[in-house]
2 protein chains.
Amino acid sequence: MQKREFLKSGLAALGGLGFLGAARAGVPAVTKASDVRWDEEWDTVIVGSGVAATCAGNEALDQGLKKVIMVEKMPVFGGNSAITGFWINIPRSPEQLAHGVTDDSPELFLKDTLKAGEGFNDPKLAHELCFRALESLEYLKKLGCKFAPTPFIQGGHSKVRSLAPEVSAGVSVMIPLHRHFMEKGGVMRKNTIVDEVVKDDSGRVVGVAVRENYAFDIGSRDNDLTNTTGVRKYYKAKKGVIFAAGGFVNDWRMCSLIDPKITKETEGTNHPGATAGALFTLMRAGGVPVHLSYIQWGPWCSPDDKGIGMGADVCDYLKQYGAAFDPKTGRRCFNELGNRTELTNDIFALKNEDGTQRFAVLIADSQFVPKVSIERYLTKSLNSGTTKKFDTLEALADFYKIPLEPLKAEIAKYNGWIKEGKEFDPEFHRPLTPNEGVLMGKGPWYGHRLTSKLHYTMGGIKINEKTQVIGQNFEPIPGLYAAGEITGGVHGVTRLGGNSVLDGIVFGRIAGRTVAEAEEAK
Amino acid sequence: MQKREFLKSGLAALGGLGFLGAARAGVPAVTKASDVRWDEEWDTVIVGSGVAATCAGNEALDQGLKKVIMVEKMPVFGGNSAITGFWINIPRSPEQLAHGVTDDSPELFLKDTLKAGEGFNDPKLAHELCFRALESLEYLKKLGCKFAPTPFIQGGHSKVRSLAPEVSAGVSVMIPLHRHFMEKGGVMRKNTIVDEVVKDDSGRVVGVAVRENYAFDIGSRDNDLTNTTGVRKYYKAKKGVIFAAGGFVNDWRMCSLIDPKITKETEGTNHPGATAGALFTLMRAGGVPVHLSYIQWGPWCSPDDKGIGMGADVCDYLKQYGAAFDPKTGRRCFNELGNRTELTNDIFALKNEDGTQRFAVLIADSQFVPKVSIERYLTKSLNSGTTKKFDTLEALADFYKIPLEPLKAEIAKYNGWIKEGKEFDPEFHRPLTPNEGVLMGKGPWYGHRLTSKLHYTMGGIKINEKTQVIGQNFEPIPGLYAAGEITGGVHGVTRLGGNSVLDGIVFGRIAGRTVAEAEEAK
Ligand SMILES: Cc1cc2nc3c(=O)[nH]c(=O)nc-3n(C[C@H](O)[C@H](O)[C@H](O)COP(=O)(O)OP(=O)(O)OC[C@H]3O[C@@H](n4cnc5c(N)ncnc54)[C@H](O)[C@@H]3O)c2cc1C
Ligand SMILES: Cc1cc2nc3c(=O)[nH]c(=O)nc-3n(C[C@H](O)[C@H](O)[C@H](O)COP(=O)(O)OP(=O)(O)OC[C@H]3O[C@@H](n4cnc5c(N)ncnc54)[C@H](O)[C@@H]3O)c2cc1C
């Protein structure tokens, strides 16, 4: 390497390190516009490329802005929005009405949402979410997104009001959204991380400091702390900056500060880039965080799956018609139907003497099979090896190394309660009626190791109903906007399934419109 | 006023305003040491003058530091610690053993603490809390604090392990603590607010920016946002700065961001200075907050009392042997024995058509009186007018303007369930057995309006077990320490009664020792 080249790259690396070091060591590193030479000028800079970012970008372009960029730190676009199931809740959708559900309303949807949020939802934000659901669906359809005709119900909802994409995956919705963005002249730039906001002397956010050619280290669980790659650049954002940078469930350090049972080994369902870096950037910019304590777990996962995996749907049936057993003792070990928090705590309480995790095995006989409404769920899970099928209970016990005699005794005891028509099991207070009187005993048998994975962060930066980020003086920080999972307050204590992609659409679009209407910075 | 004087005070005011404005508008205002001329030099500067601050100061002095100052923004010293009941939990205290409770232990105490925290407690912090309880009591006694001989039990504790001061108030403990501080040469300075930390080029905290002659505006609910009084000064802290600035329950704006049912009108039990200003200062300094979502209510208060008032103890008896009625309809209105969160929600759900609050009236007949273990509770509450006594139910109904006939019918219905021996009331699922079969009907009658007041913030800035403040890189911020209610993580979701003053003693003392051992800044 030439000396000159070495110097250049050496400086770039140092620049990165110095910057990161200062910021993360807690010296607020909000950059002053007067110290900066802009490398590029945009009408608005959007951080992220998921559903919230893309809806913001589309709306900004549709409202007449010309120079709109989405900046994505990862080597791929779409964040969690590309891997989500994209189930979405729409009261009074044509699909819902055609299905015969005519008594739903935004009011009822709001009631369910506030109930799940235990009243901690920002009432204005929750109202926007629920009352803009139908127009959000119409918007998606206008851009060419397709949904399956049959609505269904999810936990916590009082009505059948959820829709799923025709092709069941978020990417099928994200493709038309991204296409619209590009057709309208928007620019998508990947491998570029936004590190800091830049403020003018009045305190207005007028741009961002980024690193181009950033290489997110997917193999590292500490990427945000150690990654110094990339070349510093400054982008001016004349109308404002929109953070749509997603949640932080994959930031084990931040999550473990909040909930100490979370460790470096705790798995999650999210894409690797779901870290707390952008949230910290917003906090350094003066934004106030809310509800960071509320982290949603998915106790319908398996340690034999990667991420959310293939077994999540089958898992619910196995819980309902089967039971969970400790492989070490062969004994039933908890209430399989406890709520997400209870069940997650129970799952992780099963520890070996050396402190390592032991996973309960869900066991059911063959009688649940005809109940699995969509057969492909079971096939998928069996094919992936997450659910396993055995001709006999003996073979199952042998495979999972469960002592057979105690296991048999436990199943007999359990069957006994069912026979007696008990409402709750006397050991863990599990409701027994949901299994509809099925006495376990008819092979083939099914086994499935159970775990809970980190899934979603309810908390984030506080915004108002115009998506302006709220500062420490409880007023909006001029020029700074946020939407989607990076914000907190919409959902309160618990987000309902299907409310998060809707969140991204509703508040992403509001952000795009608000920025389009904003005054230009000088 | 002379022109010269006007200029001076004008500048001072502007200085204050500019400073505040910048900070609270979200421009991080951490000051650089190189920009500062120190007005004073200290070994350590302690922010606050409550139990955590004073224990920190005492320990720092006892470890040999000479120049130690406690800086208090209010016109009086002591914060919440001066108005607390100072009930404190000590497993294996001489008082507990003498009382015949010999099977308690720090381990059991820790178990109770973690259970109330729902496992969200930082395990190391909770361990310190519980295992240093006994030495904390010995420490207080050594300094001359006196406790009543009879231990008692509080909710959530599995053992009789709480002690109360001999003279029942925090001030009786704070006086000997402050005395020791002054005898050892510590300096206490009031009417002085700490606004910002000052960092050197390495990012180490080396001092603070304060305003002397600060006049906290007790009449304002927005003091932190509008108060520009005081004269800027800079204090160097060679060994470090300890924030022991208390909780933020009296910051209605911050609390209402977290929980929208909290408004400017919501009352609290805390001293007026319990605002979020110091927490925001720590966040601007790069500290990571945890568990801010968890705010503790006291649904054992009355709108006819100021603060925690005189009726809190009687309230529990009235709930147990009586019931709560809606004064508008005369009907019973909720489960009086729901947990703090449920009951608080129920209390505030009772609204007039115009949205204003209506307060339920607790009503009991005379049969609870002999149960009030300490008679003075009732006398105090009657004398303060919080609980009211009436010869007849008619007189009571007349006073509170409750429609008499429905009220009578409701009491008869309630008595009916008791007579039938029902375990739970069929309307609100209140457990009925705690009232021990008492049928209401024997005058005189007692009435007491019920509300819930904001009481304590579980959340705050994250520290480690050395009381070092944790920064965004998850490492300690050099030179920055915190202890007491301003920190988060010790208690998790719910703090047990009597665990907070202990928190202040344990971590205040650790902070004092850690700072004494710290290297000096250059
Ligand atoms: C497996 C799975 C299934 C789900 N199923 C559903 C469902 O059916 N229904 C539902 O409502 N919700 C579901 N959710 C949740 C939902 O998908 C997400 O909450 C939602 O997609 C988030 O959208 P977003 O635009 O806010 O963030 P994302 O889609 O995550 O996009 C944020 C983007 O910002 C990027 N970024 C972050 N920081 C920076 C930075 N500093 N600089 C540049 N870029 C940055 C990230 O890399 C990411 O690409 C599911 C989630 C998962 C993981
Ligand atoms: C009525 C009541 C009864 C209670 N009863 C009990 C009980 O029996 N047992 C129990 O364990 N707990 C109880 N608590 C809780 C407990 O009293 C408090 O949590 C505890 O006293 C807090 O101690 P601290 O030292 O952390 O803060 P505090 O005692 O509140 O002291 C903090 C001080 O810092 C000052 N300050 C804040 N910001 C600044 C700044 N920027 N610059 C300078 N100074 C600043 C404040 O003005 C205040 O004086 C009770 C609380 C109340 C209100």
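- An unreviewed UniProt entry lists chain A under the name Flavocytochrome c, with Sutterella megalosphaeroides given as the organism.
- Heading Sequence similarities (unreviewed entry) of the UniProt record for chain A holds this comment: "Belongs to the FAD-dependent oxidoreductase 2 family. FRD/SDH subfamily."

**Topic: the domain arrangement of chain A**
All names here are of chain A.
Phase 1: Here chain A is partitioned into domain 1 (3–81 + 173–294 + 458–517) and domain 2 (297–454).
Phase 2: On a C-alpha basis, the centres of domain 1 and domain 2 stand 40 Å from each other.
Phase 3: On the domain 2 side, the residues contacting the 9 residues of domain 1 number 12 residues.
Phase 4: The largest per-residue losses of area from domain 1 upon contact with domain 2 belong to K261, E267 and T269, which jointly make up 61% of the total buried on that side.
Phase 5: K453 is the salt-bridge partner of E267, the closest N and O atoms lying 3.4 Å from each other.

**Observations regarding the packing of helix α2 (residues 51–62) of chain A against helix α16 (residues 500–517) of chain A**
When two helices pack together, their arrangement is given by the angle between their axes and by how far apart the axes lie.
All names here are of chain A.
Phase 1: Running from amino to carboxyl end, α2 crosses α16 at an angle of 30 degrees, the nearest separation of the two axes being 7 Å. The interaxial crossing formed by α2 with α16 has right-handed handedness. Residues V51, A52, C55, A56, E59 and A60 of α2 touch α16, and the partners they reach there are V501, G504, I505, G508, R509, A511, G512 and R513.
Phase 2: When grouped by side-chain class, the residues that make up the contact of α2 with α16 number 8 nonpolar, 3 polar and 3 charged.

**Some thoughts on the relation of the copies chain A and chain B**
Phase 1: After a rotation of 180 degrees and a shift along the axis of 0.0 Å, chain A superposes on chain B with an RMSD of 0.1 Å. These values place the two chain copies in the arrangement generated by a two-fold rotation axis.
Phase 2: Same-surface contact between copies: 98% of interface residues of chain A are shared with the interface of chain B.

**Comments concerning the confidence of the model for chain A**
Phase 1: Residues of chain A with pLDDT of at least 70 account for 93%, and the chain-wide mean is 91.
Phase 2: Of the regions scoring below 50 in pLDDT, residues 1–23 of chain A engages in 23 contacts with residues more than four places distant in sequence or in other chains.

**Some remarks on the site of ligand 1**
Residues and elements named next belong to chain A.
Phase 1: Surveying the vicinity of ligand 1 reveals 39 residues, the closest of which are E72, S81, T84, E485 and S500.
Phase 2: Between ligand 1 and V71, the relevant distance is 3.4 Å, taken from a nitrogen atom to a main-chain nitrogen or oxygen of the residue.
Phase 3: Within the side chain of S81, an N or O atom sits 2.4 Å from an oxygen atom of ligand 1.
Phase 4: For ligand 1, the protein covers 97% of the area, taking 1,000 Å² as the surface of the free molecule.
Phase 5: Of all the elements in the fold, those that place two or more residues in the shell around ligand 1 are α2, β7 (193–199), β16 (451–457) and α16.
Phase 6: Here the shell around ligand 1 is composed, by residue class, of 16 nonpolar, 19 polar and 4 charged.

**Here's the deal with unusual backbone geometry**
For residues besides glycine, phi is generally negative; the peptide bonds are generally trans as well.
Residue and element names in this part refer to chain A.
Phase 1: Geometrically, the link from G443 to P444 is a cis peptide bond, its omega value of -5 degrees lying close to zero.
Phase 2: Of note, E118 is a non-glycine position whose phi angle comes to about 50 degrees, a positive value.
Phase 3: Mapped onto the elements of the fold, E118 is located in the loop between α4 (106–116) and α5 (123–131).
Phase 4: Residue E118 is classed as partly exposed on the basis of its relative accessible area of 44%.

**Some words on the packing of helix α6 (residues 133–142) of chain B against helix α16 (residues 500–517) of chain B**
Residue and element names in this part refer to chain B.
Phase 1: Axis separation between α6 and α16 bottoms out at 10 Å; the angle between their running directions is 85 degrees. It follows from the interaxial angle that α6 and α16 lie roughly perpendicular. Two secondary-structure elements touch here, α6 through A133, E135, S136, Y139 and L140 and α16 through L502, I505, V506 and R509.
Phase 2: Class assignment of the residues belonging to the contact of α6 with α16 gives a composition of 6 nonpolar, 1 polar and 2 charged.

**Concerning the sheet that holds strand β15 (residues 445–449) of chain B**
Residues and elements named next belong to chain B.
Phase 1: Taken in spatial order, the 4 strands of this open sheet run β12-β13-β15-β14, and their pairing is antiparallel. Where the open sheet ends on each side, the last strands, each with one partner, are β12 (323–325) and β14 (387–390). Ignoring strand direction, the axes of neighbouring strands in this sheet form an average angle of 30 degrees.
Phase 2: Two elements, strand β13 (residues 361–364) and β15, share 4 bridges in a ladder whose sense is antiparallel. Across the sheet, the residue bridging to V361 is R449, located in β15.
Phase 3: The strands touched by helix α11 (residues 312–321) are β12, β13, β14 and β15; relative to β13, the strand with the most contacts, the crossing angle is about 70 degrees.
Phase 4: Sheet contacts for helix α14 (residues 393–400): β13, β14 and β15; angle to β15, the most-contacted strand, approximately 20 degrees.

Parameters and conventions
Residues numbered from 1 in each chain as written. Chains lettered and ligands numbered in written order. Predicted model: local features only at pLDDT ≥ 70, side-chain atom pairs only at ≥ 80, totals over all residues. Heavy atoms only, no water. UniProt positions renumbered as here; feature names shortened; annotations may be inferred. Domains from an automatic or database assignment. Contact = heavy atoms within 4.5 Å. Buried area = accessible area lost by both parts, 1.4 Å probe. Salt bridge = Lys/Arg side-chain N within 4 Å of Asp/Glu carboxyl O. Axes fitted to C-alpha atoms, helices over the stretch in contact; angles between N-to-C directions. Helix = DSSP H or I, 4+ residues; strand = E, 2+ residues; numbered from the N terminus. Left-handed = near helix turned anticlockwise from the far one by under 90°. Nonpolar A, V, L, I, M, F, W, Y, C, P; charged D, E, K, R; others polar. Least-squares fit on C-alpha atoms with pLDDT ≥ 70 in both. pLDDT = per-residue confidence, 0-100. Near = heavy atom within 4 Å. Polar contact = N/O pair within 3.5 Å; in protein donor to acceptor, adjacent residues only side chain to side chain. Areas by Shrake-Rupley, 256 points an atom, 1.4 Å probe, with all protein chains shown as cover. Buried < 20%, exposed > 50% of the residue type's maximum accessible area, 1.4 Å probe, protein only. Parallel < 35°, antiparallel > 145°, perpendicular 65-115°, else oblique. Pairing = 2+ DSSP bridges.

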